[in-house]
Amino acid sequence: EYDHGGHDRHDGYDGNERDIRAMDYHFPGGSVDGSNGDGGAHAYAVPPSVRDANAWTLSVPPHGVPWDVWLHRYLCMWIMPCNHVTHALFFAVLEGYLLIKFWMPLGWDLVRESENGNQQWVGYIGRIMSDWVFHTFGVDLDWDDSDSNSDPDDLGAEDSWGLERRDGYDVCDEYINEDGNIDECLQDNFQGVDLSGNNITHEHDNDDSIPSDTGAGCSWMPSIFSPSPNETFIMISFLILLIAFIAWRRVFRRFRNKPWMDPNYTQYNRLPVRTSNMRLYVAEDDARVGACEPDINLLATADLEAEEKDANNSNDYAPNIWNMDGEDWMFQLKNTVEDGLDLVAADNLFAGSDDDDQFNQELSKRWQHIHVPANWTMCDDVQDHPIYTNIKYPFPCIPPFVPDANPTGVYRLEFDLPGRWQVPKEKQKRDADAADNASTCSGDEYVITFHGVESAFFLFLNGNYIGYSQDSRLPASFDLTPYLHRGDETNTMHVVVCRWSDGSYLEDQDHWWMAGIHRSVELSRRSPGMDILDLRVQGDMDGHLATCVDLRNPNAVASRLIEMSLYDDKQTSVKGGLKCGSNVWKSSKVLTNDSSPTEFKISTRIPHPKLWSAEYPNLYTLVVTLKDAVTNKVLQVESCRIGFRSVDIKDGVLLHNGKPITICGVNRHEHDPDHGKVVSVKSMIHDIKVLKQQNFNAIRTSHYPNHVAFYRLCDYYGMYVCGEANLETHGMMPMGKLSDDFAWAKAFEERVTRMVDRDRNHPSIVFWSLGNECGRGRNISVARSSLRESDTSRPIMYEGGAGLFEGTGQSELTDIICSMYPNVENTIALTTNNIDRPVILCEYSHAMGNSNGNIHLYWKAFWDDDNLPRLQGGFIWDMVDQGLRKKDENGKEFFAYGGDFGDKVNDAQFCINGIFSPTREPHPAVVEIKYLQQPVAIHCTNIKKDNRRSINLNASSCTRAHFRIENRSLETPLSSYKVQYFISTDNMMTTEDNSLFSTNGGNSKNLDISNGTASVDLGTFVIGARQGYRLFFNVSFFRSNEVEWMNSLLPVASEQFEIFFENERVSILPTSQESTMKMQESEESVEIWIRKKDDRFMTRTAVIDKATGALTSFRTNSGKDILIGNQGLKPNFTRASTDNDRGGIDRIKGLMPKWVAFQMALIENVFQVFSYSYIYQWRRVGLDPASPPNIKCTNMEITVYDKHVSVLTNCSVTSASDGKIIMMHGSSYTFSNDGSVQIQSTTVPTQLLSPLPSLPRIGVAMCLHQSLRNIKYLGRGPYENYPDRKEGMPIGIWKTSPRLMGYDYIVPSENGNRSDCSWVSMTDSSGDGVIIVGHQKATEATDDSILDFGFSALLHSQQELHSATHTNELEDRLESKDPIFLNVDLFSQGIGGDVGWLPCCHKEYVLKNKFYSGSISISPIEGDDDHASFARRKIRSQLTSQLHNYRSTYER
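Procedures and definitions
- Residues numbered from 1 in each chain as written.
- Predicted model: local features only at pLDDT ≥ 70, side-chain atom pairs only at ≥ 80, totals over all residues.
- Heavy atoms only, no water.
- Pairing = 2+ DSSP bridges.
- Helix = DSSP H or I, 4+ residues; strand = E, 2+ residues; numbered from the N terminus.
- Axes fitted to C-alpha atoms, helices over the stretch in contact; angles between N-to-C directions.
- Buried < 20%, exposed > 50% of the residue type's maximum accessible area, 1.4 Å probe, protein only.
- Salt bridge = Lys/Arg side-chain N within 4 Å of Asp/Glu carboxyl O.
- Parallel < 35°, antiparallel > 145°, perpendicular 65-115°, else oblique.
- Left-handed = near helix turned anticlockwise from the far one by under 90°.
- Contact = heavy atoms within 4.5 Å.
- Nonpolar A, V, L, I, M, F, W, Y, C, P; charged D, E, K, R; others polar.

Draft legend 1. Inspection of the sheet that holds strand S47 (residues 1085-1091) at higher detail. Read across the open sheet, the 4 strands follow the order S46-S47-S48-S49; overall the sheet is antiparallel. The open sheet has two edge strands with one neighbour each: strand S46 (1076-1081) and strand S49 (1111-1114). The mean angle between the axes of side-by-side strands here comes to 15 degrees, regardless of whether they run parallel or antiparallel. Pairing geometry for strand S48 (residues 1099-1105) and S49, over 3 bridges, is antiparallel. Bridge pairing in S49 links Ile-1104 to Leu-1111.

Listed below in structure tokens is the structure:
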């Protein structure tokens, strides 16, 4: 144990500063920069590329600063309108050109000297002055300095300015008076001079000593600028002008009486922020219980009376904290800050009057009740609204100014202190007298804390101005003691909250702009003797425990005893509760008056501690007790939950407790659909639980410090946290403008250091973030240095912005390469740069709407530890759709986004980019993400070539499948999992809840993986393969032990392999029917008639329209026509656009200011460096989903055979806008005597589509009868999936319906698709309907193969989904009453997901401009048919030769 005793502060800090180097003493060899690793377990090793860099030096290159930073800072800083590289280079070249061609010659002309040493006014300035003098006074100045070498004393010679000098007389010398007042001199001696230059008579006209005017005007004016007497005058004038400009700029940037527009004025009278653990307990048992309580509001029991404790069985944990939340607050909204302050002044004045009745009347009229905490922008009765922007500021961007029309909320609270706190007036007087006669007050002290106010506020109490603070996401505390009424007299408090302040420029995060007191308000009482001010603690994986207690020394008479105890307490549930553990360590020390310590530091080493991690979040309780050393009376107790863990970077790899870690992370905003930024503890618990269930292990608090309860919950559940500062200046042009401005240095540094001071004791925080997208300026560098002084145990990450000059997450400001949104190739390339730093993407896979395609490619790289050990995961953007619940004029509910509240400046639906809905319903992509992030994986060693998810066996020689188990967890052994497997086939129905991987009763068998391998004999399933069945090996991993956040019946990981037996699969021949067919042709259509064996009459089963070549009628065996409407079954080449389909330069221009958008359009037209969105390009060529192309049949061939009829159509596909042919399409309908039809579609795009990056889809669409609501299919499920987002969806037979198949994205779009389907049946309640079976497909690049198609069956058409912008715009429809819109995709484009503002489908998931062909069949089925067996009986290669004929025909 290392007892460092008490240490005074000798660093010169005042009370508002902190001694933040406390932990440097505790671990031998530790250092602030982390360079000395000899035993420095608490200090991570700063990567050399960061440690040796100097990002904010003022020197020019190459002295320590990167050239691009220098270029940005000194050439482009104030004029560059955008952070794009093209703009930066353009303006740098422009400024360089002006510098060389204009400013350098001008400067040379201003200061150059002639040979006689006199300065000359020549060049640009000379010409300007000459023109001005000539036009004003009529004097024609000769600026030719060819005679400048003449003797200036020669009579009649020209002076050095080219002005003719009078004989021996200098005009200027005569006319400057003794006071140097030229104007007075001129008034006295040149009264006859007309300012127009005309000569008039004056008193000196007859004086021969004064040179007469030559008629060219007044000659005295240019003489003022004569070099000899006026050189000093010119320099002084220049200095005065410079000083005036600087002074004007300072006044312009700083209003003395408007602190909300002064970046240097961040607070007034605000107390230093303390750790969130401080609760002023008075008993050790209460402190231990309180440490395990996540909801700090429950740790505020000052107003809990004795009868309440008895009635509610409540515990009086924290009697010195009073929570002031509730409905007692009154509120008024004013238009300006000045109006709000005036209201407080008037209200205080009026409250002091004797006219109480009149006051109460006015009070009821002017004030309204409001709940605290709340955003007033979410209150229906307040005339202000939320605003959403992603990049743009919602007001003119002229920092530090904000509009005069600044909505200002004035809060008013009348309160009496809790009964136990109230002090009789007699005692108050005694305390005041004691204060007068002693060096310190013996009474209680009262501090109020606002945990979150957006964005700045003034505080008044009982008519007294208390203080000011800004920073919307960190607490602000003020001392109320001098002005608080402590007896039974009522206190009146006013809080004036400014919606906009200069701090708003630093809070331009991608979320809603709200306003108001959005977190709790607390009043604390500190009684005499409660001298613990702060507590800092740190533990590492080796058991080192370092503590530092900040103390105040009130010159107490008695000595004090400080005790520290560490308990192995267990929190019984997330709602709190304590199971007392053993005392692991205890230490104490007497603090005498002589030592007068302001800090008490002690460190020790705990042998073999239980380490904290996301997998095993082991926590201890540290209790610090301050006692009277004489009486042993407890004066104050503080506690906190701590964890032993270490974070380090070694060889470029991020280590947690000495092991490489993979970040399965997500960005999380604080958001509630009904309350805005007011998030309950219940909601926080749900967020963390649902993330743990989906295999997430990390959260980035984007982009600000969260509620303190959230970190307690992360400590408890086990979640790695990136604690991020409340800093973002995304809307600045350039992005780093404020971070390079010295005026904002204090604000930047404060927001970082105050965050660390509040949250540093939480073991869940494994690294800090300096903010987001603030550029690469010196202020960020200073903030980083200050953070490093505060905490050396956690690495720092920072993404300054996506532009070159912002560093793209690779600058010297970050210990972790944390670029945002690189594609997979660029992500892998990041590992080749700065090999001493890990790569963790701070944002990737932009989840905007129907998105997250391609994400499996990222995780293939993340899990490649052998080749990419430094690539360690990332944080998905983001967790929750930030929609706000709203009702339209008809009372229909929907989720609103930017622009839906009348906010003219907005970024529309860019806040709708979460993987969960606002109510935390998971998007379909969450299933994919869970699969990719699963902590354990199983690999088959005998796989089929190019198919890692296959088992390739031989029935005669090898029937045993061998598996290798990969444990991706850091600490969880494989023995912690219960593993089960079962074999499914393509005729095995899934469970009723569509859960293929749930515990499957008797069908499941246990799999032994204890040694990391497993094997299973599958020889018994050979017979199934011979019968034509598809076989699947399904394995699931379950937790052996129950955990609070997850049901043990839900799998942690799962995998599916398809089983292949070589040369054992056979085709099943179809059964034939004896039926008679005939064809009937008319001018409009072709009809197919069938008479079955036992029928007397023929029945029309199908109709083809000759005009369009579409199948307009198809009947089931019962005679029901499945096709309704006029369109029938027709080719389909469009889809309702997704948000990713809308991503392109056309969207980016909408996000930017108009002048930036204009420049970007200009650059695009000249250089064509940007890509337009898919939907923009589709519309341009005629593939607009709102106006789909027209299809016209140009030729039809009909052939009648004995048992089938063939109809071949040739169609032209034309643009609906200009009528141009964009495709040639052919369909071959083969009608069989069993009532089925096989449809062979062939599509050849024309050259008009060659510029397209991808076609949306190629398939067929139809409108089905409303009764066919029962859907069953063999394919990937049970949830929505797409070609580039289907890895986590197993193949099985799934049941669904049109209502369940789709997903209601907040912005309606393409949805509900199912991929890799072999067949799909749609039947009514009696089982009557149709089955669609895939047959063949082919392209120019691939051979013929069995077709796995995609399909969706929804209650809204693609046109309706595409046109709607909100869900309330879609008509409410019911199954069995409204038609079903079925899309069958033979080929389809992926949905993308790397980013949301550029086309992002990977090349393997796009449809190029080439030949496509595919075949499906539609057959009627009845209630007693086995759908799976029926599908297998269909011939898969019936028309192979005909397919090749069509293919060659259309190619020609």
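Alright, that's what it looks like, and here's the rest.
Draft legend 2. Structural detail: the side chain of Thr-662. By the element assignment, Thr-662 lies in the loop between strand S28 (659-660) and strand S29 (663-667). For Thr-662, a relative accessible area of 15% gives the class buried.

Draft legend 3. Fine view of the pattern of salt bridges. Tallying each qualifying case throughout the model produces 53 salt bridges. Between Asp-1372 and Lys-892 there is a salt bridge whose closest N-O contact spans 3.1 Å. With Asp-1372 in the loop between helix H26 (1358-1363) and strand S63 (1380-1388) and Lys-892 in the loop between strand S36 (884-887) and strand S37 (893-896), the pair connects residues that are 480 residues apart, well separated along the chain. The exposure class assigned to Asp-1372 is exposed, which follows from its relative accessible area of 61%.

Draft legend 4. Molecular detail of the packing of helix H16 (residues 745-759) against helix H17 (residues 778-790). Orientation of H16 relative to H17, taken along the N-to-C sense of each, is 25 degrees, at an axis distance of 8 Å. By the angle between their axes, H16 is roughly parallel relative to H17. Here H16 runs over H17; the crossing is right-handed. Facing H16, whose interface residues are Ala-745, Phe-748, Glu-749, Val-752, Thr-753, Val-756 and Asp-757, H17 presents Asn-779, Ile-780, Val-782, Ala-783, Ser-786, Leu-787 and Ser-790. Taken together, the residues of the contact of H16 with H17 break down into 8 nonpolar, 4 polar and 2 charged.

Draft legend 5. A look at the environment of Leu-868. Take Leu-868: it is sitting in the loop between helix H19 (855-862) and strand S35 (871-876). Taking relative accessible area as the criterion, Leu-868 reaches 10% and is therefore assigned buried. Considering only alpha carbons, one finds Leu-868 and Thr-832, 36 residues apart in sequence, at a separation of 9.6 Å. When near neighbours in sequence (up to four residues on either side) are disregarded, Leu-868 contacts Ile-828, Thr-831 and Ala-861.

Draft legend 6. Seen up close, unusual backbone geometry. Following Ser-702, the chain continues into His-703 via a peptide bond in cis, with omega recorded as -15 degrees. With respect to the helices and strands, His-703 occurs in the loop between strand S30 (698-700) and helix H15 (708-717). Pro-1278 follows Gly-1277 through a cis peptide bond whose omega is 5 degrees. As for its position among the elements, Pro-1278 is in the loop between strand S56 (1270-1276) and strand S57 (1291-1296). Positive phi, close to 60 degrees, is recorded for Tyr-821, a residue that is not glycine.

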